[in-house]
Amino acid sequence: VPRLARETTPESDGRAIELETNAPNVRVAPSGVRWHFANRTALGVRLGRSIAADQPWQFATMPERDVDLLPAIAEHDGKVWAFTQPFTGTGLKVLVSMDSGATFTVSRTLTTQNRVKALVVRGGLVFALCLPTSGGQGELLRIDLSNSTAAPTDLATALLPLRLPDGVHVHDAGDGVAVLLRTAARSWRIVRWSDAGSLVENATFQHGAGTAPDDLDDTKVLIEAGGVVTGLAASGRPEIRRRDPGSATFRLVGTLGDDAFGSSSAPLRPAPGKLLIPLTVRTLRDCWQLALRISDDDGATWRTGPGVRSGGGCAQSITHASVQSGMLTLQVGDNESFRGFQEADAVSAAPRQRQLLQRVAVP
């Protein structure tokens, strides 16, 4: 019988984070504080914090309730910063808390041409990717939390006439931010900006030879300082590919083996030379559960890590994954049912997934 996660369950086993919403998010800040983001609950927007693994959620006093809370938190200059946008339309509000997250007020209201799709927080800098829903030019705004009077800088203007299309993603690149743009079959463009906002690279690279097709998912890549790109080509025999600094080729590094797997996070870097990929694998004919693949030689060879939630249900998924200070943090979707479906009558028996926070030491 699968274990049912509760809010009091230890994080090593999967702590329930659901709160009157079907799509909560959770992030762990550099300080170790857990932040719970919930939109459109009966009480409106809800931002909770838990200062340690065994501490309950404490919910902040928010300046508005009928807004969308973006899943990002900044800790800078002794303050905590959060971000909201309207249910519909454009614009971004920067919220600030002077009391460690107990109460937030509006610090700045920023004008955007498009809706915010994603935020990357790097210390006291926030990079907001704002994309059009049909045509038009996307924005990549650089916001300096230390300077409340400075207008955001739109880094995307450096690409004109090239545009940021709907569907592109922004990545923390170790020494700034980056986007990947598909330019043609088996061809990609990497564009990188420094923390200061300078355009430091605008170059193309090719998929290169190998058994896997050009199926790189730009949400499933690790981009590091200098423009190193590590990604997973997942059709057929799963391949690990890398683009080295300045290289025009996305070369083959290694393979994960012949495991049939459903989904994965981007590769994670817990330590120099070490890579970690959380993914879902088929453990039974009708059962998909979380697993870890670990490389100690920068992707050339891979080993199987310990099970993540083997006592849970059979329709697990990965909502978010990160590593910091030797800990792997996972937001896990788990239906907590014994099987994903019933083969006898082909009737779906999988209830909706519950969202869990799971933290384990990096193997």
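In this report, the structure presented in the accompanying data block is examined. (Residues numbered from 1 in each chain as written. Predicted model: local features only at pLDDT ≥ 70, side-chain atom pairs only at ≥ 80, totals over all residues. Heavy atoms only, no water.)

## As for the sheet that holds strand S11 (residues 115–122)
- Strand order in this open sheet of four strands is S11-S12-S13-S14, and the pairing throughout is antiparallel. The open sheet has two free edges, formed respectively by S11 and strand S14 (153–154), since each of these has just one partner strand. (Pairing = 2+ DSSP bridges. Helix = DSSP H or I, 4+ residues; strand = E, 2+ residues; numbered from the N terminus.)

## Observations concerning the side chain of Ser265
- By the secondary structure assignment, Ser265 is in the loop between strand S23 (261–264) and strand S24 (268–271).
- For Ser265, the residues in contact, after removing those within four places along its chain, are Lys220, Ile277, Pro278, Ile318 and Ala321. (Contact = heavy atoms within 4.5 Å.)

## Concerning the pattern of salt bridges
- The tally for this structure, following the rule as stated, stands at 18 salt bridges.
- In this structure, the salt-bridge partner of Arg192 is Asp175, at a minimum N-O distance of 3.8 Å. Note that Arg192 is positioned in strand S17 (residues 187–194) and Asp175 in the loop between strand S15 (170–172) and strand S16 (176–184), a separation of 17 residues in sequence.
- With a relative accessible area of 8%, Arg192 lands in the buried category. (Salt bridge = Lys/Arg side-chain N within 4 Å of Asp/Glu carboxyl O. Buried < 20%, exposed > 50% of the residue type's maximum accessible area, 1.4 Å probe, protein only.)

## Some words on unusual backbone geometry
- The omega torsion across Leu160 and Pro161 is 10°, close enough to zero to call that bond cis.
- Topologically, Pro161 is positioned in the loop between S14 and S15.
- The backbone of Asp298 sits at a positive phi, close to 60°, despite the residue not being glycine.
- Within the fold, Asp298 resides in the loop between strand S26 (287–295) and strand S27 (303–304).
- We classify Asp298 as partly exposed; its relative accessible area is 26%.
- Its identity is not glycine, yet Ser325 carries a phi of approximately 55°, on the positive side.
- Within the secondary structure, Ser325 sits in the loop between strand S28 (317–324) and strand S29 (327–334).

## Section: the sheet that holds S15
- If you trace the four strands from one edge of the open sheet to the other, you get S15-S16-S17-S18, paired in antiparallel fashion. The outermost strands of the open sheet, each flanked by one partner alone, are S15 and strand S18 (199–206). Put simply, the sheet's adjacent strands are angled 25° from each other on average, direction ignored.
- Summarising the sheet, S16 and S17 pair through eight bridges and their orientation is antiparallel. In the sheet register, Leu181 faces S17, and the bridge partner there is Arg189. (Axes fitted to C-alpha atoms, helices over the stretch in contact; angles between N-to-C directions.)

## Section: the packing of aromatic side chains
- This model, assessed by the stated rule, comprises one aromatic pair.
- The interplanar angle of 50° and the centroid separation of 5.5 Å between the aromatic rings of Phe205 and Phe250 together place this pair among those described as tilted. Here Phe205 is found in strand S18, whereas its partner Phe250 is found in the loop between strand S21 (239–243) and strand S22 (251–255), with 45 residues between them in sequence.
- Residue Phe205 is classed as buried on the basis of its relative accessible area, which comes to 0%.
- We classify Phe250 as buried; its relative accessible area is 1%.
- One cation-aromatic arrangement involves Arg15 over Trp57; the distance from NZ or CZ to the ring centre is 4.7 Å. (Phe/Tyr/Trp six-rings, centres within 6.5 Å; stacked < 30°, edge-to-face > 60°. Lys NZ or Arg CZ within 6 Å of the ring centre and 35° of its normal.)

## Considerations on the environment of Trp57
- Here Trp57 is to be found in the loop between strand S4 (44–50) and strand S5 (58–59).
- Residues Trp57 and Arg34, spaced 23 residues apart in sequence, show a C-alpha to C-alpha distance of 8.7 Å.
- Setting aside chain neighbours within four positions, we find Trp57 in contact with Glu7, Arg15, Ala16, Ile17, Val26, Arg34, Trp35, His36, Gly48, Arg49 and Ser50.

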